[in-house]
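Next come the chains, spelled out residue by residue.
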Amino acid sequence: MTSSAVLALYITICCVAFIISKIIISVLLYKRWARKRRIVEESLSGGKMVMFRSPTTQSINSKAFMKTMMKLTNKDIIGSGGYGTVYKLTIDDMAFAVKRLNKGRTERDLGFEREVDAMGDIKHRNIVTLHGYYIAPQFNLLIYELMPNGSLDLFLHRRMREEKPLEWPTRFKIALGAARGIAYLHHDCIPHIIHRDIKSSNILLDQNMEARVSDFGLATLMGPDNTHVSTVVAGTFGYLAPEYFDTGKATTKGDVYSFGVVLLELLTGKQPTDESFIEEGTKLVTWVKGVVEDRKEEHAVDSNLINFPVDEVKKVFAVAEKCLEPDPFKRSDMARVVKMLEEINSQKV
Ligand SMILES: Nc1ncnc2c1ncn2[C@@H]1O[C@H](COP(=O)(O)OP(=O)(O)OP(=O)(O)O)[C@@H](O)[C@H]1O
């Protein structure tokens, strides 16, 4: 074969290979697109979307919402917990936090039902708003308002180096707001609601750093004549009231204890399960108790707090102690806790 014939053969082979590879890539891309479309259609077909009526959501089209939902990727994840993954979803310039719970494990399905039952009717400035939900054969979604400042634990314990620590007035505002939210659940909702998982990662912060109680996956509705609800022990280690381990009974006083632990986090900047406590064979609640008894509260205050009103901080330590009273009958209820914090607030100079 002449050299020009060889060259022509090479060029032909290259062209054919190029065209075949293009065809293969196109087929693969088409298959991927078709699979995605099928997933969207399947989830849209068997599912039911419910949006609660509100000025924010009335213009939202469920199909468009679900299509946007299906396009979310790992980049859109803003958090994840024991029950699901939380994504940020923006549609028509409105931002939502969408919690996706894969179906299959009964406790997750129960968590979803509890959350919808407990939160469906709640409207309170210190409780995160549930805008709606979606039920499909493979998964469930909970659609919340997005809290731009994330959760309190991020600010207290998982802060980036360059971020400023929370100042005392903000900490106090968060404490009072969270207390009002929990008191509303205990005293004003009918039936009363026990949250059962009060902790700093379930206190979210809006654009003004106002506290909003969230995550009602363990919440329990209390019948009108009940004082407690018997359950298996659930909740988060470090926040559970001592009597809960013995009795397995969820009561509003259990939430008060957990709120006391959150107050200690705000005051000391320490996590209830801080490694240093485990090494010393103690825990945050016991350590603070000793410090308060010795009247040395200043030594326990978060070292990130440079300027703080000593008297006010001591009074908040005293409120925390009332929440952490080991005997639930002697422990204050949430209405009393709000009152004590409001009194401290009104005495500010
Ligand atoms: N409405 C929201 N707005 C902004 N961020 C949110 C919202 N809801 C949840 N998040 C973020 O997602 C994280 C996970 O929330 P989720 O309620 O699923 O779990 P958790 O409370 O952290 O843990 P667990 O479920 O194990 O108790 C939160 O800590 C928070 O940072």
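In this text, all values refer to a predicted model and were calculated from it rather than measured experimentally.

Criteria and thresholds
Residues numbered from 1 in each chain as written. Predicted model: local features only at pLDDT ≥ 70, side-chain atom pairs only at ≥ 80, totals over all residues. Helix = DSSP H or I, 4+ residues; strand = E, 2+ residues; numbered from the N terminus. Buried ≥ 20, exposed ≤ 12 C-beta atoms within 10 Å, placed from the backbone. Contact = placed C-beta atoms within 7 Å. Pairing = 2+ DSSP bridges. Axes fitted to C-alpha atoms, helices over the stretch in contact; angles between N-to-C directions. UniProt positions renumbered as here; feature names shortened; annotations may be inferred. Near = placed C-beta within 6 Å. Nonpolar A, V, L, I, M, F, W, Y, C, P; charged D, E, K, R; others polar. Domains from an automatic or database assignment. Core = buried A, V, L, I, M, F, W, Y, C linked by C-beta atoms within 7 Å. Parallel < 35°, antiparallel > 145°, perpendicular 65-115°, else oblique. Left-handed = near helix turned anticlockwise from the far one by under 90°.

Enquirer: Help me out: how do you make sense of the overall build of the chain in this one?
Expert: The number of helices and strands found in the chain is 12 helices and 12 strands. The 349 residues of the chain split such that 34% are buried. Restricting to contacts in the chain with at least 6 residues of sequence separation, those with at least 24 account for 64%.

Enquirer: For this particular structure, what's the right way to read the sheet that holds strand β3 (residues 85-91)?
Expert: The strands making up a sheet associate through backbone hydrogen bonding, with each pair oriented either parallel or antiparallel. Spatial ordering of the open sheet is given by β1-β5-β6-β4-β3-β2, a layout of six strands whose pairing is antiparallel. At either end of the open sheet lies a strand with only one pairing partner, and these are β1 (48-51) and β2 (77-80). Mean inter-strand twist for the sheet, computed between neighbouring axes without regard to direction, equals 20°. Pairing geometry for β3 and strand β4 (residues 94-102), over seven bridges, is antiparallel. By the bridge assignment, Y87 is partnered in β4 with V98. Contacts between helix α2 (residues 62-70) and the sheet are confined to β1, β3, β4 and β6 (139-145), with β3 contributing the most and set at about 125° to the helix.

Enquirer: I keep staring at the UniProt feature "transmembrane region" (unreviewed entry) in the chain and nothing clicks. Help me out?
Expert: The UniProt record annotates "transmembrane region" (unreviewed entry) at residues 6-30. Split by type, residues 6-30 is 100% helix and 0% strand. Its first and last C-alpha atoms lie 36 Å apart.

Enquirer: Mind showing me how you'd approach the site of the ligand here?
Expert: G79, G81, G82, A97 and M147 are the nearest of the 22 residues found near the ligand. For the shell around the ligand, the secondary structure elements donating two or more residues are β2 and β4. At three residues, β2 tops the list of elements feeding residues into the shell around the ligand. Here the shell around the ligand is composed, by residue class, of nine nonpolar, 10 polar and three charged. Counting only domains with at least three residues in the shell around the ligand, you end up with domain 1 (39-145) and domain 2 (152-346).

Enquirer: Got a minute to help me understand the nonpolar core in this structure?
Expert: Across soluble globular proteins, nonpolar side chains have a tendency to be buried as a group. Ranked by internal contacts, the top residues of the largest apolar core, which has 75 residues, are A175, A178, A179, F259 and L263. Ranked by the residues each element gives to this core, the list is headed by helix α5 (residues 168-188), at 10 residues. Counting contributing residues per domain, this core is built from domain 1 (39-145) and domain 2 (152-346), each supplying no fewer than three. If near-sequence neighbours (up to four positions away) are discounted, A178 is found in contact with N126, I203, A211, V213, F259 and V262.

Enquirer: Even after reading the chapter, I still don't get the environment of I193, so can you show me in this structure?
Expert: Inspection of the secondary structure puts I193 in strand β7 (residues 192-194). It is 34 Å that separates the C-alpha atoms of I193 and K67, two residues lying 126 residues apart in sequence.

Enquirer: Please explain the packing of helix α7 (residues 252-268) against helix α11 (residues 310-323) as it appears in this structure.
Expert: When two helices pack together, you describe them by how their axes are tilted relative to each other and by the distance separating the axes. The contact between α7 and α11 brings their axes to 8 Å, and the two run at 155°. With respect to their mutual orientation, α7 and α11 come out roughly antiparallel. As for how α7 packs across α11, the hand of that crossing is left-handed. Here V256, Y257, F259, G260, L263, L264 and L267 of α7 lie close against α11, whose contacting residues are V313, V316, F317, V319, A320 and C323. When the residues that make up the contact of α7 with α11 are grouped by side-chain class, the tally is 12 nonpolar, one polar and no charged.

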